[in-house]
Amino acid sequence: MKFIPVLTDFNQLEHCCTDDLYYFNQKPFSGVILTYHKNKMKQSQTTLSHGHVQGRYRAWYQNGCLKVIGQYQDHQERGLWTFYHDNNVIARTGHFYHGLRVGYWRIWNKQGKIIWSGEFHSHNTHKITYHPKNFQSFN
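Residues numbered from 1 in each chain as written. Predicted model: local features only at pLDDT ≥ 70, side-chain atom pairs only at ≥ 80, totals over all residues. Heavy atoms only, no water.

### What to know about unusual backbone geometry
- For Asp74, which is not a glycine, the phi torsion comes out positive at approximately 55 degrees.
- Within the element layout of this structure, Asp74 appears in the loop between strand 8 (66-73) and strand 9 (76-84).
- The phi angle at His75 is positive, at roughly 70 degrees, despite the residue not being glycine.
- Positionally, His75 belongs in the loop between strand 8 and strand 9.
- Given the relative accessible area of 18%, His75 is considered buried. (Helix = DSSP H or I, 4+ residues; strand = E, 2+ residues; numbered from the N terminus. Buried < 20%, exposed > 50% of the residue type's maximum accessible area, 1.4 Å probe, protein only.)

And the structure:
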């Protein structure tokens, strides 16, 4: 098995590319993990159950602002997810089901103006609405 070390407060936690599980002392890990940026600011927090990502997930930018909040179920994104720009303005929101985007999603620019909205059905997009007057400010 090929392992990739994950910088956490455990230091020995590893992610296995072969079975996509997280290990601590060569056993699938259960518990809360925290990862950190190189500047020692918190990068992410999630819960693992028998090596699988399970439950609430949060991530932060290096400046400490929230980057994303969502839920995992059975190692896949599930339910409402909210992503933020590095200035704390919401960047996009929408739902996942078994790791796939579903339902109504919206995207905002850094100034908080909506630039895109649409519905997803198993990665097929329908009913897209672009907001061209705000689109140039996407980045």
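Having seen the structure, we can now continue with the description.
### A word on the pairing of strand 7 (residues 52-60)
- Pairing analysis gives five bridges linking strand 6 (residues 42-49) to strand 7, with the strands arranged antiparallel. Of the residues in strand 7, the one forming a bridge with Thr46 is Tyr57.
- Where strand 6 hands over to strand 7, the hairpin turn is made up of two residues, of which His50 adopts a positive phi near 55 degrees.
- Pairing of strand 7 with strand 8 involves six bridges; the strand directions are antiparallel. Bridge pairing in strand 8 links Arg58 to Ile69.
- Turn length for the strand 7-strand 8 hairpin, with the two strands adjacent in sequence and antiparallel, is five residues, and the turn residue Gly64 shows positive phi of about 95 degrees. (Pairing = 2+ DSSP bridges.)

### As for the environment of Ala91
- Here Ala91 shows up in strand 10 (residues 90-97).
- We classify Ala91 as buried; its relative accessible area is 11%.
- Considering only alpha carbons, one finds Ala91 and Asn109, 18 residues apart in sequence, at a separation of 6.3 Å.
- Setting aside anything within four residues of it in sequence, one finds Ala91 in contact with Phe83, Tyr84, His85, Arg106, Ile107 and Trp108. (Contact = heavy atoms within 4.5 Å.)

### Describing the pattern of salt bridges
- Inspection of every chain in the model, using the stated rule, returns one salt bridge.
- Here Lys110 and Asp86 are joined by a salt bridge, their closest N and O atoms 2.9 Å apart. Of this pair, Lys110 sits in the loop between strand 11 (100-108) and strand 12 (114-121) while Asp86 is found in the loop between strand 9 and strand 10, placing the two residues 24 residues apart along the sequence.
- By relative accessible area, which is 27% here, Lys110 ends up partly exposed.
- With a relative accessible area of 32%, Asp86 lands in the partly exposed category. (Salt bridge = Lys/Arg side-chain N within 4 Å of Asp/Glu carboxyl O.)

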